[in-house]
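Understanding the architecture of this molecule
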Amino acid sequence: MIKSRAAVAFAPNQPLQIVEVDVAPPKAGEVLVRIVATGVCHTDAYTLSGADSEGVFPCILGHEGGGIVEAVGEGVTSLAVGDHVIPLYTAECRECKFCKSGKTNLCQKVRATQGKGLMPDGTSRFSYNGEPIYHYMGCSTFSEYTVLPEISLAKIPKEAPLEKVCLLGCGVTTGIGAVLNTAKVEEGATVAIFGLGGIGLAAIIGAKMAKASRIIAIDINPEKFEVARELGATDFVNPKEHAKPIQDVIVEMTDGGVDYSFECVGNVDLMRAALECCHKGWGESVIIGVAPAGAEIKTRPFQLVTGRVWRGSAFGGVRGRTELPSYVEKAQKGEIPLDTFITHTMGLDKINEAFDLMHEGKSIRSVVHF
Ligand code: NAD
Ligand code: AHE
Ligand code: ZN
Ligand code: ZN
């Protein structure tokens, strides 16, 4: 057992508590990682709110981290002590039906236990005062030390700054990947992006990389427009400034609708608007936002009959162990401007401020340093 400083979510809707937890050594196929830095994603806030059907408490949240391998369990071959890694909430085993299909990044090897807050053997490596603490999304990066399956870690070059590339563990990769892998936006396409947080802004980068001709940025917080413009957005729409449904506004702006839209908020009404602002005959809408348990999407089936397509994207369709190193490389070359996302940094003791800043709409990403 080692001691680790961690921000524990003891119950929904309560501030995280900084305590010293016990971390058990990695078992076979597992790896102990020292987290150097972690971003705070809206999904952490979503689970903390109690709206996540897979939310279990007490748990250690966090899934956007960067760290260094501290110890490896029996049989681990792809990683060694000292390697730099990014934890993956979407594992990549390369041998399950999903991995072998070549059609999805949604490896299922450890997904069932991960969703229960447990390691693949059905137990937790974390405890506090002798009581187990649950893992979260297979990552639990709000702990100085965490244990993950070997297949849930992407090895990255040691030169990459972990306090920046941690953002590639979720938000930035998700937004870019949704545009490039899921939608496969082509040169000259028109794009609408709903929600300009870490995910939506990264989707703008993806759209710019794809050479989209128009990138329409939509948010109810106009303070997000400046950075959206900096990243390549060409048009800016605040739904609060329009009396008519926002899909009608976008359809009018674009001679019948956009080629692609992305919902990066987690609001089912906005998901409908994002679908319905797509062009008849071919427009495709990608749902990235995570909606509360029990929420459902709706539209007139006629919207689909007349050629619009509804898709979803998890971690941008990215196979983490195989593809994340190339994202790190792009960040190092300046092709993915991670600094633009990091509006706040803080120590673990101030992590609750990161949640406040997010809810107040003041941050894009807060990065917590250990
Ligand atoms: P964020 O809080 O940083 O940003 C959300 C943005 O949406 C804010 O700018 C906010 O002003 C805007 N917004 C809120 N309501 C709006 C509305 N009605 N119309 C327009 N804009 C509105 O969040 P984030 O970290 O960027 O995450 C966004 C969503 O993506 C969350 O639901 C998160 O859970 C989800 N997510 C999904 C994946 C995935 O793999 N599918 C990965 C990461 C995050
Ligand atoms: N537990 C949630 C599901 C949440 C969800 O959809 N998560 C996304 C990643 S969000 C990252 O910030 C995802 O990857 N989903 C695919 C998967 O396998 O979980 C719920 O609502 O039950
Ligand atoms: Zn996330
Ligand atoms: Zn797999």
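Each remark here, short or long, concerns the structure printed above.
Residues numbered from 1 in each chain as written. Chains lettered and ligands numbered in written order. Predicted model: local features only at pLDDT ≥ 70, side-chain atom pairs only at ≥ 80, totals over all residues.

1. Quick word on the site of ligand 2
Going by this rule: Any residue whose C-beta atom, as placed from the backbone, lies within 6 Å of a molecule or strand is termed near it. Here the term charged refers only to Asp, Glu, Lys and Arg, the term nonpolar to Ala, Val, Leu, Ile, Met, Phe, Trp, Tyr, Cys and Pro, and the term polar to all other amino acids, Gly among them.
Not every one of the 13 residues close to ligand 2 is listed here, only the nearest: Thr43, Ser53, Glu54, Val290 and Ala314. Split by residue class, the shell around ligand 2 holds seven nonpolar, three polar and three charged.

2. With respect to the site of ligand 1
Rules: In this description a helix means any DSSP run of H or I spanning at least four residues, a strand means any run of E spanning at least two, and both kinds are numbered starting from the N terminus. For the purposes of this description, domain bounds are those given by an automatic or database domain assignment.
In the vicinity of ligand 1 lie 33 residues, with His42, Gly195, Gly197, Gly266 and Val290 positioned nearest. Elements with a minimum of two residues in the shell around ligand 1: helix H1 (42-48), helix H5 (171-183) and helix H6 (198-209). Taken together, the residues of the shell around ligand 1 break down into 17 nonpolar, 14 polar and two charged. Shared between two domains, the shell around ligand 1 holds at least three residues of each, these being domain 1 (2-169 + 337-369) and domain 2 (172-313).

3. Digging into the pairing of strand S5 (residues 84-87)
Let me state the cut-off plainly: A residue is called partly exposed when the number of other C-beta atoms within 10 Å of its own lies between 12 and 20, exposed at 12 or fewer, and buried at 20 or more, with C-beta atoms placed from the backbone. Here, any two strands with at least 2 DSSP bridges between them count as paired.
Side chains of S5 alternate between two faces, with His84 and Ile86 and Val85 and Pro87 buried alike. Bridge count between strand S4 (residues 64-72) and S5: two bridges; the pairing is antiparallel. By the bridge assignment, isoleucine 68 is partnered in S5 with histidine 84. Two strands pair when backbone bridges link them, and S5 and strand S9 (residues 153-156) are joined in this way by four bridges, in the antiparallel orientation. Residue pairing for S9: histidine 84 is matched across the bridge by isoleucine 156.

4. Re the environment of leucine 270
Mapped onto the elements, leucine 270 comes out in helix H9 (residues 268-276). Taking the C-beta count within 10 Å as the criterion, leucine 270 has 22 such neighbours and is therefore assigned buried. Sequence separation of leucine 270 and alanine 192 is 78 residues, and the distance between their C-alpha atoms is 12 Å.

5. Structural notes on H5
One full turn of an α-helix is made of 3.6 residues, so residues set three or four places apart face in the same direction. Going by this rule: One fewer than the residue count of a helix, multiplied by 1.5 Å, yields its expected span. By definition, a residue's bend is the angle between the axes fitted to the seven residues ending there and the seven starting there.
A rise of 1.5 Å per residue sets the reference length of H5, with its 13 residues, at 18 Å; its end C-alpha atoms lie 17 Å apart and thus fit the reference within 8%. The largest bend in H5 comes to about 45°, at glycine 177. Listed in full, the buried residues belonging to H5 are Gly171, Val172, Thr173, Thr174, Gly175, Ile176, Gly177, Ala178, Val179, Thr182 and Ala183. Looking one or two residues beyond H5, the residue adopting positive phi is lysine 184, at roughly 55°.

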